[in-house]
Amino acid sequence: MAGAICLLCCSLALAPAAMAQTLAQAFALAQQNNPALRSAQASYQAALSGIPLARSRLLPQLVAGAGLSANAHDNSNNPLLAKFGMPTSWNYTERTINLVATQALYQPGDRIEVKKAELGARIAYLQFVEQNQALMLQVASRYFDVLAAQDTLRSLEEQQKAVVQQRAAAQANFDAGNGTIVDVRDAQARADLTAAQILAAQNQLQLAQARLEQTVGATLTGPLAALPPQAPLSPVEGSLHDWVGKAEEHNLGVDQARLGVQLARLSAQQAQTGELPTVSAYARVDHDTTSVGGPLFPFGNRANVASVGVQLRWALVSGGAVQSQIDQTAHLLDKSQADLDAARLAAAQQARSAYLSLQSALSQVKALDAAIVSSRSSLQANETGFKVGMRVNIDVLNALAQLYETQRQADKARYDVLVDTLRLKLAAGQLEPHDLDALSALLTPH
């Protein structure tokens, strides 16, 4: 566990300071700047520090002490002193130095506390890994949102060029007496509509870039690496039942809940140790010095005392505190077991949703690729029909809109496949950094 965290910390420290151009670079910058990830890392380091703290209670303890006191002694009520003319009050100074060494011999509650600290560190580590994986998915999702917004804008601009050409053709036919003014106005209306769509697409691109910059924690400069149309999209292996089973057993949330049950069980055991005695050994050295205290103590006093022993402590009556704590931890154990069941159900649903979404996106890519071919053929047929007078201009414009809209949907479906693949692996607890590297390898520089 410590080795894994060191590797991840090194990746944070070595993250490039230059602006991201690829998906892998964007994730490296996000690791360096994301406050939620840094918080999870600090929590894990703090949990690791709690292990030696808990273990220290079982190790030898050495405590040194010193004291200085001024004392006023009043014995005026003693009739014997008054009878013989002896002083009844005097002042003296006392100095004490002591050294106490203790060693726990039987401390069942403290031994369980060490196991709880170790479990707490494991839970904190899983939370750190989960936050890192969630950041990985978030960066990839927002990265592809930017690419999708760029594709939409680019497609609309190409569509606008085609519409402008079609408008020019309609105007030429009208001028030559072979067309109607309706064709010209249809083309102009479609050009105006496309211009409005371009403005909306530009705004959507700016929002997508802002969301990615917020996640990365730096300002984007330069174009991002894009996904080529011929990039292979491999389906994941295994059935829906297999992935749901993996999620129920290996999801990080399930692992944390499982450790939470163990932690609650240890707390219940620790509460029961409140009814048991504790035994410790001790060795003590005391040095006491008293100054001259008057006629009764003309020479002062010095004393050195050394003692070794075993101490037994047993709480016989605690006002019901021990039993109350036993009951409380028993209920918390029931709660942790219910949380584990809920985590399994949530992980299964997460995997089921990601798997079905992935299969749907893969099917959409195939269907939309075929639809692009058909739409392109339809456009060519309508253009030819328009030239020979068998089709009107609106038919060509509709065919143009259908072709470019199908292309945009196909591009978005490809991005959905990649993101859903990461989401499925996250649900199953199998998402690793090399998965993002493999995804980044599919992208090509602008």
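Read on for a plain summary of the structure. In this convention, every chain numbers its residues from 1, walking through the sequence in written order. With pLDDT at 70 or above as the cut-off, local features in this predicted model cover only qualifying residues; side-chain atom pairs require 80 or more to be listed or tallied, and sums for whole chains, interfaces and linings still use all residues. Water and hydrogen atoms play no part in the side-chain values, which are based on all heavy atoms of the structure.

1. Focus: the overall build of the protein chain
Right, on to step 1. Within the protein chain one finds 11 helices and four strands.
Right, on to step 2. Throughout this description, buried means an accessible area under 20% of the type-specific maximum (1.4 Å probe, protein chains only), exposed means over 50%, and partly exposed covers the range between. For the protein chain, the proportion of its 446 residues judged to be buried stands at 37%.
Right, on to step 3. Within the protein chain, contacts between residues at least 6 apart in sequence are counted, and of these 82% link residues at least 24 apart.
Right, on to step 4. For the protein chain, the accessible surface area stands at approximately 24,300 Å², while carbon and sulfur atoms represent 56% of it. Each helix corresponds to a stretch of at least 4 residues labelled H or I by DSSP, and each strand to a stretch of at least 2 residues labelled E; elements are numbered beginning at the N terminus. Whether two residues are in contact is decided by their heavy atoms: any pair within 4.5 Å suffices. For the accessible areas, the method is Shrake-Rupley and the probe is 1.4 Å, while residue cover comes only from the protein chains on display.

2. Observations regarding the pattern of salt bridges
Right, on to step 1. What counts as a salt bridge is simple: a side-chain nitrogen of Lys or Arg found within 4 Å of a carboxyl oxygen of Asp or Glu. For the structure shown, the criterion picks out 14 salt bridges.
Right, on to step 2. With a closest N to O distance of 2.8 Å, R414 and D369 form a salt bridge. Note that R414 is positioned in helix α10 (residues 393-427) and D369 in helix α9 (residues 321-387), a separation of 45 residues in sequence.
Right, on to step 3. Judged by relative accessible area, R414 falls into the buried class, the value being 10%.
Right, on to step 4. Residue classification places D369 among the partly exposed positions, given a relative accessible area of 27%.
Right, on to step 5. Measuring nitrogen to oxygen at the nearest pair gives 2.7 Å for the salt bridge that ties R423 to D420. Of this pair, R423 and D420 both sit in helix α10, three residues apart, roughly one helical turn.
Right, on to step 6. The exposure class of R423 is partly exposed, given its relative accessible area of 29%.

3. With respect to the nonpolar core
Right, on to step 1. The set of buried Ala, Val, Leu, Ile, Met, Phe, Trp, Tyr and Cys residues whose side-chain atoms join them within 4.5 Å is what this entry labels a nonpolar core. L23, Y143, F144 and L424 are the most contacted members of the largest nonpolar core, which totals 80 residues.
Right, on to step 2. Filtering out sequence-adjacent residues up to four positions away, Y143 remains in contact with Q21, T22, L23, A26, L212, L224, A225 and L443.
Right, on to step 3. L58, A117, L119 and L259 belong to the second largest nonpolar core, which has 18 residues in total.

4. Concerning the packing of helix α8 (residues 252-272) against α9
Right, on to step 1. All axes are obtained by fitting lines to C-alpha atoms, using only the stretch in contact for helices, and the reported angles, taken between N-to-C directions, cover 0 to 180 degrees. Relative orientation of the contacting elements α8 and α9 amounts to 170°, with a least axis distance of 8 Å. As far as their axial angle goes, α9 and α8 are roughly antiparallel.
Right, on to step 2. Residue polarity follows a fixed list, in which Ala, Val, Leu, Ile, Met, Phe, Trp, Tyr, Cys and Pro are nonpolar, Asp, Glu, Lys and Arg are charged, and the others, Gly among them, are polar. The residue inventory of the contact of α8 with α9, partitioned by class, reads 13 nonpolar, eight polar and four charged. If an angle is under 35 degrees, it is roughly parallel; if it is over 145, roughly antiparallel; if it lies from 65 to 115, roughly perpendicular; otherwise it is oblique.

5. As for the environment of N178
Right, on to step 1. Here N178 is to be found in the loop between α5 (108-175) and α6 (181-216).
Right, on to step 2. Residue N178 is classed as exposed on the basis of its relative accessible area of 64%.
Right, on to step 3. As for N178 and V388, which are separated by 210 residues in sequence, their C-alpha atoms are 10.0 Å apart.

6. A short note on the pairing of strand β4 (residues 301-313)
Right, on to step 1. Of all the 13 residues making up β4, one are buried; the element is thus mostly uncovered.
Right, on to step 2. Note on pairing: DSSP must find at least two bridges between two strands before they are called paired. Across 13 bridges, strand β3 (residues 278-290) lies against β4 in antiparallel orientation. Looking at the pairing, A281 lines up with V310 of β4.

7. Overview of the packing of helix α7 (residues 240-250) against α9
Right, on to step 1. Running from N to C, α7 and α9 point in directions that differ by 145°, and their axes come no closer than 8 Å. Here α7 and α9 pass one another in a crossing that is right-handed. Between α7 and α9, the contacting residues are L240, W243, V244, A247 and E248 on the first element and R344, A347, A348, A351, R352, Y355 and L356 on the second.
Right, on to step 2. Of the residues that constitute the contact of α7 with α9, the class distribution is nine nonpolar, no polar and three charged. Left-handed describes a crossing whose near helix is turned anticlockwise from the far helix through less than a right angle; right-handed describes the clockwise counterpart.

8. Quick notes on the packing of aromatic side chains
Right, on to step 1. Here is the rule: rings of Phe, Tyr and Trp (six-membered ring for Trp) pair when centre to centre is within 6.5 Å. Planes less than 30 degrees apart are stacked, more than 60 are edge-to-face, and the remainder are tilted. Enumeration according to the criterion identifies three aromatic pairs in this entry.
Right, on to step 2. Ring centres 5.5 Å apart and planes at 55° place the aromatic pair Y44 and Y125 in the tilted group. Here Y44 is found in helix α3 (residues 35-55), whereas its partner Y125 is found in helix α5, with 81 residues between them in sequence.
Right, on to step 3. Assessed through its relative accessible area of 0%, Y44 is described here as buried.
Right, on to step 4. Centroid distance Y143 to F144: 5.9 Å. Interplanar angle 85°. Geometry classified as edge-to-face.
Right, on to step 5. Note on F144: relative accessible area 2%, which makes it buried.
Right, on to step 6. In this structure, K246 is placed above the aromatic ring of W243, and the distance from its NZ or CZ to the ring centre is 4.4 Å. Here, over-ring charges are defined by two tests on the NZ atom of lysine or the CZ atom of arginine: distance to the ring centre within 6 Å, and angle to the ring normal within 35 degrees.

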